[in-house]
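One letter stands for each residue in the lines below.
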Amino acid sequence: MNDFEKLRRQMVETQIITRGISDKKVIDAMLKIPREKFIEKKFYNETYNDHPLPIEEGQTISQPYIVALMTELLNLTGDEKVLEIGTGSGYQTAILAEIVKEVYSVERYSILFNKARKTLGELGYKNIFLFNLDGTEGLKEHSPFDRIIVTAASDKIPQPLVEQLKENGKLIIPIGDRFSQNLIVADKIKGKLEIKNYGGVTFVTLIGKYGVSE
Ligand code: SAH
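Now for a description of the structure that goes with this document. Residues take numbers from 1 onward in each chain, read along the sequence in its written order. Local features are withheld for residues below a pLDDT of 70 in this predicted model, meaning they are given only at 70 or higher, and side-chain atom pairs are given and counted only at 80 or more; totals for whole chains, interfaces and linings count all residues. The side-chain values count all of the structure's non-hydrogen atoms but skip hydrogen atoms and water molecules.

## Focus on the pairing of strand β5 (residues 128–131)
Two strands make a pair as long as DSSP finds a minimum of two bridges between them. Counting from the N terminus, the helices are the DSSP runs of H or I reaching at least four residues and the strands are the DSSP runs of E reaching at least two. Relative to β5, strand β4 (residues 102–106) runs parallel, the two being bridged by 4 bridges. Note that in β5 the partner of Val103 across the bridge is Ile128. The definition of a right-handed crossover adopted here requires that, viewed with the strands pointing away, the path from the first strand over the helix to the second runs clockwise. In terms of handedness, the path from β4 via helix α5 (residues 110–122) over to β5 forms a crossover that is right-handed.

Written out as structure tokens, the structure reads:
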């Protein structure tokens, strides 16, 4: 076992399992994905620490626990087609791709898009489809989706995402202002969203046509 593997196991035990994450699919994916591949070299020694880390363009790779929590809240069976808005480093994308059938992920910054494409390509994923676009518009041509995960914060749920979510589908998004948000899970039932609040989080801003203006 190399040092990263040891740290990864420790991370899963002390940050994920002890905080109540119990979905085996999520735990197995967190144990498997080499988070160090998604981290800039200068932060290598912090790869498995209990906090987010800077990536390019002033963005962040989420704290491991938040990735695990959001993935668990999606309540995945493994058959799903998932839309992710905010590819960033691609770490959450890889976690999802381990569990579900297909992941469509959208990133607005081309530097991040290209880097994630390289990283995820090197890891050999065939069920990930990346797009360099404004994700607040969703991906109409590939819709509808069983699940939608937004990894950047907005003051509202982008309407195109509601339309592109399947009936009985689930959408997760941090909703609030620039400084603090609540993690919201929305179930689409008979065409309407039923909202649950999973408490305070801090994410970078979802910038785009149906998100927050620049
Ligand atoms: N899941 C990522 C989180 C990255 S931070 C990870 O763990 O690495 C959120 C990302 O959302 C940033 O990369 C940011 O550029 C992106 N983002 C913000 N607004 C967006 C939009 N409208 N469309 C696509 N991506 C967006």
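Moving on, there is more to tell.
## Digging into the packing of aromatic side chains
Aromatic pairing here means that ring centres of Phe, Tyr or Trp (its six-membered ring) are within 6.5 Å. Orientation follows from the plane angle: under 30 degrees is stacked, over 60 is edge-to-face, and everything else is tilted. One pass over the structure, following the stated rule, counts 6 aromatic pairs. Measuring from ring centre to ring centre gives 5.6 Å for Phe38 and Tyr91, while their planes differ by 70°; the resulting arrangement is edge-to-face. Residue Phe38 is found in the loop between α2 (24–32) and β1 (53–54), and its partner Tyr91 is found in helix α4 (residues 91–99); the two are separated by 53 residues along the sequence. Accessibility assignment for this pair places Phe38 and Tyr91 in one class, buried. Exposed residues in this analysis have more than 50% of their type's maximum accessible area, buried residues have under 20%, and partly exposed residues fall in between, with area computed by a 1.4 Å probe over protein chains only.

## So, the site of the ligand
Near the ligand lie 26 residues; those nearest to it are Ser89, Glu107, Asp134, Gly135 and Ile207. Polar contact is the term for a pair of N or O atoms within 3.5 Å; when the atoms are in protein, one must be able to donate a hydrogen and the other to accept it, and sequence-neighboring residues count only if both atoms are side-chain atoms. One of the backbone nitrogen or oxygen atoms of Gly86 is found 3.5 Å away from a nitrogen atom of the ligand. Ile207 is positioned with one of its backbone polar atoms (N or O) 2.6 Å from a nitrogen atom of the ligand. Here the Shrake-Rupley method, with its probe set to 1.4 Å, supplies the accessible areas, and only the displayed protein chains count as covering residues. Protein chains bury 99% of the 570 Å² of accessible surface belonging to the ligand in isolation. Put simply, the parts of the chain that give the shell around the ligand at least two residues each are β2 (60–61) and β3 (81–85). Charged means Asp, Glu, Lys or Arg here, nonpolar means Ala, Val, Leu, Ile, Met, Phe, Trp, Tyr, Cys or Pro, and polar covers whatever is left, Gly included. Broken down by class, the residue content of the shell around the ligand amounts to 10 nonpolar, 12 polar and 4 charged. By convention in this text, a residue qualifies as near a molecule or strand provided that one of its non-hydrogen atoms is within 4 Å of it.

## Some points on helix α3 (residues 64–73)
Of all 10 residues that make up α3, 10 are buried, and the element is covered over most of its length. Buried residues of α3: Pro64, Tyr65, Ile66, Val67, Ala68, Leu69, Met70, Thr71, Glu72 and Leu73, and no others. Once α3 finishes, Asn75 follows within two positions and takes phi at roughly 55°, a positive value.

## Concerning the sheet that holds β4
Reading across from one edge, β5-β4-β3-β6-β7-β8-β9 is the order of the 7 strands in this open sheet, with mixed pairing throughout. Only two strands of the sheet have a single neighbouring strand rather than two, namely β5 and β9 (192–201). Here the average twist between neighbouring strands, direction ignored, is 15°. Sheet topology places strand β8 (residues 181–189) next to β9; 8 bridges connect them, and they run antiparallel. Its bridge partner being in β9, Asp187 is matched across the sheet by Glu194. Residue contacts follow a heavy-atom distance rule, with two residues in contact if any of their heavy atoms lie within 4.5 Å. Axis definition: a line fit to C-alpha positions, over the contact stretch in the case of helices; interaxial angles, taken between N-to-C directions, run 0 to 180 degrees. Against the sheet, α3 contacts β6 (145–150), β7 (165–176), β8 and β9, and its axis sits at roughly 20° relative to β8.

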